[in-house]
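Per-entry structural report
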Number of protein chains: 2
Amino acid sequence: MSKILHQLIVDLGERSYPIIIGQGLLGEVDLTPYVTGSQVMIVTNETVAPLYQDKARECFPGKCVDLVTLPDGEKYKDWQTLNLIFDGLLEKRHTRKTTLVALGGGVVGDMGGFAAACYQRGVPFIQIPTTLLSQVDSSVGGKTGINHPLGKNMIGAFHQPEAVLIDTNSLKTLPSREVSAGLAEVIKYGLIRDPGFLDWLEVNMGRLVALEDEAVGQAIFRSCTCKAEVVAKDEREGGLRAILNLGHTFGHAIETFSGYGNWLHGEAVGVGMIMAADLSAREGTITREERARVARLVSLAGLPERPPEGMTPDDFMNLMAVDKKNVDGQLRLVLLRAMGDAVVTADAAVENLSATLAGFCRH
Amino acid sequence: MSKILHQLIVDLGERSYPIIIGQGLLGEVDLTPYVTGSQVMIVTNETVAPLYQDKARECFPGKCVDLVTLPDGEKYKDWQTLNLIFDGLLEKRHTRKTTLVALGGGVVGDMGGFAAACYQRGVPFIQIPTTLLSQVDSSVGGKTGINHPLGKNMIGAFHQPEAVLIDTNSLKTLPSREVSAGLAEVIKYGLIRDPGFLDWLEVNMGRLVALEDEAVGQAIFRSCTCKAEVVAKDEREGGLRAILNLGHTFGHAIETFSGYGNWLHGEAVGVGMIMAADLSAREGTITREERARVARLVSLAGLPERPPEGMTPDDFMNLMAVDKKNVDGQLRLVLLRAMGDAVVTADAAVENLSATLAGFCRH
């Protein structure tokens, strides 16, 4: 039985699109209204394909549907793997009227979206995110891309989907570690913009970890709504949107240090948010108790609270210097001005940053 | 001594930009008004670098200018070579405020532009085209990209430059074969849109082949103006812009058949335009005499009039079928409705197309 719990429109003028959230939607919802041509290419990976490819095909009755299966994992978010999509499209003679469908987690979404942005200089695409992280993060924002050996997401494009379909049932097959990683981003929305949601999360974190459909649907809806509001105000990441990177500068350094794929993105962001809260507390904008509240929420979600063993303050400084959030060489960080209110700043005192790094790198 | 002969604005709303055309401009014109950050990365190739890199650097006084040198040739218009640009940008820690400068011919322009479109999801770029073909073709349109083993320009993006600087002096170091290749595109503008320019070309082709500055500047200006008018009406290639592909469907088949880089793009387009004129004459929209006028003009420019030896009608049909100008499997061609007036059509009689292919493949 399928049930649409929530629907929202990401408001981007002529690039606006709907996010449809519900239980059991995959295979039940007809997505052909979002397909202009006769061809559809589903991009998925070897883990997701056996679970959901048949149901995904059923969303496109009457269309000529092909499928390309990528290896699974962040370490394959590279050009060689991206090229498998182009190979498939060209071998099956997909024209510039084709529609790509990204069926899977964030890596599949980023790569499928980037392939759509570049194939014949741009074709439409639809997202069917199957992990919690991709549902609350990649669903909104139009960011697509691949990694480079010298940095994450360094090569990519802004490319908005025609529609996003989120089936909460797909979370039932997700390892609990990945559910936790997704919850890191959910917590982030509360921290940067929505104190009420933060309170709700502290009460309901147990239901989310247990994947209770109603709570999960609600958390996804509020997360997507929050991100959509931010992105609508700043589609190309000129200013406000940068607050979405709370925890990400520290987090990317952790991911790069540990090698792509060893730490999950959400795990690194979880630690990064605690580090950002710690630095905010040292800067005096939040209290030590509030900093502890952030750490507790991250911990309740089943996430680590410290960077990997052996990572030093110097590792952080070197890896953060190349992060693309830095403008003209200045290290910009997202900090908390209050609980539920984030700000981008290059003004954090160097000694406070050093103290935060030293505190977290002590094992 | 430098002399600005012509300047035009490509009118694309907030993406509008100037094309500055003149003699001796390289090293003389200050391009820093088109640079927002402090970093500049010049992308060039091993042929152009020793000739013009010093003068190009002088266009950016006070900026931090780096340079990446690519191998020269269409066969390097691939991901591996594109990645050299990303390597250079990341090794030199270029931020998302950097400006890329494409200094060279069409391959450098396409790759430098595509790198700019993708680096950190998009940074600004400036074009300094040094070949006639790139001056009259890549200067306008915002098309960037790379080749795939299964097709030319299959991976790319639309990305408009901040400014284009055209120094006619740079043509003095160009092999005459490449001058001729550029003239193919110049002829194309007359054929598709400007009968008066066509008459002018028949009178002045000798001056162009001899690279007389005033004539060359005039031809570049009229070509860019013509293309800018078409692109302004159809930035994303929805309709009208397709007439710019006169001769290109046949031409791409020739380039693919002969292997990238063996035939110059303009040489293939020259033959393709004669083939399109031949098919138009068979369709009855132009006369046999007008078809001969097209062939004569192409010949006067020093270009071949026939496809490579050994290429068969079947080769053409197979290679044209995968060409991206085809919508939903239909073979669409640009034909002449009259001299100076082109139209896109899928209605050419199959027997006429067969007769044209047979006529040109008889050796």
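What counts as what
Residues numbered from 1 in each chain as written. Chains lettered and ligands numbered in written order. Predicted model: local features only at pLDDT ≥ 70, side-chain atom pairs only at ≥ 80, totals over all residues. Heavy atoms only, no water. Buried < 20%, exposed > 50% of the residue type's maximum accessible area, 1.4 Å probe, protein only. Helix = DSSP H or I, 4+ residues; strand = E, 2+ residues; numbered from the N terminus. Pairing = 2+ DSSP bridges. Right-handed = clockwise from strand over helix to strand, strands pointing away. Axes fitted to C-alpha atoms, helices over the stretch in contact; angles between N-to-C directions. Contact = heavy atoms within 4.5 Å. Polar contact = N/O pair within 3.5 Å; in protein donor to acceptor, adjacent residues only side chain to side chain. Arc of directions from axis to C-beta. Parallel < 35°, antiparallel > 145°, perpendicular 65-115°, else oblique. Domains from an automatic or database assignment. Buried area = accessible area lost by both parts, 1.4 Å probe. Salt bridge = Lys/Arg side-chain N within 4 Å of Asp/Glu carboxyl O.

All names here are of chain A. Judged by how many residues are buried, strand 5 (residues 99-104) sits mostly within the fold: 6 of 6 residues are covered. Pairing analysis gives 4 bridges linking strand 3 (residues 39-45) to strand 5, with the strands arranged parallel. In the sheet register, Met41 faces strand 5, and the bridge partner there is Leu100. Relative to strand 6 (residues 125-129), strand 5 runs parallel, the two being bridged by 5 bridges. Of the residues in strand 6, the one forming a bridge with Leu100 is Phe125. As for the winding sense of the linkage, the β-α-β connection from strand 5 through helix 3 (residues 106-118) to strand 6 is right-handed.

In this section: the sheet that holds strand 5 of chain A. Residue and element names in this part refer to chain A. Overall, mixed pairing links the 7 strands, which are arranged 1-2-9-6-5-3-4 in an open sheet. Each of the sheet's edge strands pairs with one partner strand only, and the pair in question is strand 1 (3-10) and strand 4 (64-70). Adjacent strand axes in the sheet meet at a mean angle of 15° when their direction is disregarded. The strands touched by helix 1 (residues 48-57) within the sheet are strand 3, strand 4 and strand 5, with strand 3 carrying the most contacts at an inclination of about 160°. Here helix 2 (residues 79-91) sits on the sheet and contacts strand 3, strand 4 and strand 5; the angle it forms with strand 4, its principal contact strand, is near 155°.

Looking now at the sheet that holds strand 3 (residues 39-45) of chain B. Residue and element names in this part refer to chain B. Strand order in the open sheet formed by 7 strands is 1-2-9-6-5-3-4, with mixed pairing between adjacent strands. Two strands lie at the open edges of the sheet, namely strand 1 (3-10) and strand 4 (64-70), each paired on one side alone. Taking each pair of neighbouring strands and ignoring which way they run, the sheet shows an average axis angle of 15°. Strand direction decides the pairing type here: strand 3 and strand 4, joined by 7 bridges, are parallel.

Residue and element names in this part refer to chain B. As for its placement among the helices and strands, Lys188 is situated in helix 5 (residues 176-193). The exposure class assigned to Lys188 is buried, which follows from its relative accessible area of 1%. When the C-alpha atoms of Lys188 and Leu246 are compared, they prove to be 7.0 Å apart, with 58 residues separating the residues in sequence. Ignoring anything within four residues of it in the chain, the contact list for Lys188 reads Leu244, Leu246, His248 and Met273. Looking at Lys188, its side chain comes within polar contact range of the main-chain oxygen of Leu244, at 2.8 Å.

Residues and elements named next belong to chain A. Along helix 1, the residues that are buried comprise Val48, Ala49, Tyr52 and Ala56. The buried residues of helix 1 occupy an angular sector of 115° when projected down its axis, which confines them to one face. More than 90 degrees from the buried face of helix 1, the exposed residues found are Pro50 and Asp54.

Any two packed helices are characterised by how steeply their axes cross, that is the angle between the axes, and by the distance between the axes. All names here are of chain A. Remark: helix 8 (residues 248-258) packs on helix 11 (residues 313-321), axes separated minimally by 9 Å, with the N-to-C direction vectors making an angle of 105°. The orientation of helix 8 with respect to helix 11, classified from their angle, is roughly perpendicular. Every residue of helix 11 that contacts helix 8 at Thr249, Phe250, Ala253, Ile254, Thr256 and Phe257 is listed here: Asp315, Phe316, Leu319 and Met320.

Turning to the domain arrangement of chain A, a few remarks are in order. All names here are of chain A. Entries for chain A in the domain assignment read domain 1 (3-173) and domain 2 (176-360). Placing the centre of domain 1 and that of domain 2 at their C-alpha centroids yields a distance of 25 Å. In this complex, domain 1 contributes 38 residues to the contact, which on the side of domain 2 involves 35 residues. Taking both sides of the interface into account, the surface hidden between domain 1 and domain 2 amounts to around 3100 Å²; carbon and sulfur atoms contribute 64%. Counting across the interface, domain 1 meets domain 2 through 3 salt bridges. Between Asp137 and Lys227 there is a salt bridge; the shortest N-O distance is 2.8 Å.

Looking at the element boundaries, A:His159 is found in the loop between strand 8 (151-158) and strand 9 (163-167). Discounting chain neighbours no more than four positions away, the residues touching A:His159 are A:Gly113, A:Ala116, A:Ala117, A:Val123, A:Phe125, A:Gly142 and A:Thr144.

Going through the model one piece at a time under the given rule, you end up with 34 salt bridges over all chains. Linking B:Glu229 and B:Arg193 is a salt bridge whose minimum nitrogen-to-oxygen distance equals 2.9 Å. Placement of the pair is B:Glu229 in helix 7 (residues 213-233) and B:Arg193 in helix 5, with a sequence separation of 36 residues. Through salt bridges with shared partners, a single ionic network connects A:Asp278, A:Arg282, A:Arg288 and A:Arg291.

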